[in-house]
Amino acid sequence: MVFMHDLRWDDVKDWFNPYENGSVPDVSVPDTTLDDWETLLKLIRSQGWPCEYDYRDQRHPLHASAPELFVPDPERRIRTLWVWPDPNLEWIVRPWVPSEIVGDVNLFEIQGQERLDVFCLLLRTLGTALGKRVLVHGEGTDDYPPMMAYEVDDDRVVFLAGPWR
């Protein structure tokens with residue numbers, strides 16, 4: 001079997017330079033519901049991805065259900081899911097609101113074709129499970145168009161940003 005890359009490293013490497021573009025691009029799935037969050041939790045479990053939930057500065061095992069991630073907190077403390085879909089790829093998910101799954105990955109962990117393929121596999125796996133488009137924005141640039149996306153209809157990750165500079 002021949003493996004087809006979603007993206008070629010040489011085509012995107014300038015956008016993945018952590019020294020020029022910030023080190024943590026945002027991965028997001030807009031227009032989600034609690035059911036989508038439930039699907040995410042099931043995906044994490046079914047894939048056997050290590051995961052920890054951080055709340056009130058304490059690490060806990062993954063919650064049993066999505067609504068538990070959004071229990072009202074008058075102190076508005078940050079909640080974080082630390083997910084490792086690959087031993088060398090950390091995806092930090094922030095359950096702020098049920099209407100969007102949003103998190104970061106570290107560009108230092110996505111250097112070279114092999115690591116890019118691992119990242120694209122995460123986007124494809126997430127998008128396929130949810131049946132939704134998965135967007136990747138440069139760090140802190142959510143007001144701009146995404147630089148790449150998993151497209152459900154095409155079942156592939158596409159690069160949208162074009163050449164660097």
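Please refer to the structure higher up on the page.
Residues numbered from 1 in each chain as written. Predicted model: local features only at pLDDT ≥ 70, side-chain atom pairs only at ≥ 80, totals over all residues. Heavy atoms only, no water.

1. Some details on the pairing of strand 9 (residues 156-159)
Consecutive side chains along a regular strand alternate between the two faces of the sheet.
Then, number 1: Taken together, the four bridges between strand 8 (residues 148-151) and strand 9 define a ladder with antiparallel strand orientation. When the sheet's bridge partners are listed, Glu151 is paired in strand 9 with Arg156.
Then, number 2: Connecting strand 8 to the next strand, strand 9, in antiparallel fashion are four residues, including Asp155 with a positive phi near 50°. (Pairing = 2+ DSSP bridges. Helix = DSSP H or I, 4+ residues; strand = E, 2+ residues; numbered from the N terminus.)

2. Concerning helix 3 (residues 113-130)
Then, number 1: Across its 18 residues, helix 3 extends 26 Å between first and last C-alpha, which sits within 8% of the 26 Å expected from 1.5 Å per residue.
Then, number 2: Along helix 3, the residues classified as buried are Arg115, Leu116, Asp117, Val118, Phe119, Cys120, Leu122, Leu123, Thr125, Leu126, Gly127 and Leu130.
Then, number 3: Count one or two residues on from helix 3 and you reach Gly131, which has phi positive near 65°. (Expected span 1.5 Å × (residues − 1). Buried < 20%, exposed > 50% of the residue type's maximum accessible area, 1.4 Å probe, protein only.)

3. Some points on the environment of Gly22
Then, number 1: Structurally, Gly22 can be placed in the loop between helix 1 (9-12) and strand 1 (26-30).
Then, number 2: Classification of Gly22 by relative accessible area gives partly exposed; the value is 23%.
Then, number 3: It is 7.4 Å that separates the C-alpha atoms of Gly22 and Gly138, two residues lying 116 residues apart in sequence.
Then, number 4: Aside from chain neighbours lying at most four places away, what touches Gly22 is Asn17, Leu107 and Glu139. (Contact = heavy atoms within 4.5 Å.)

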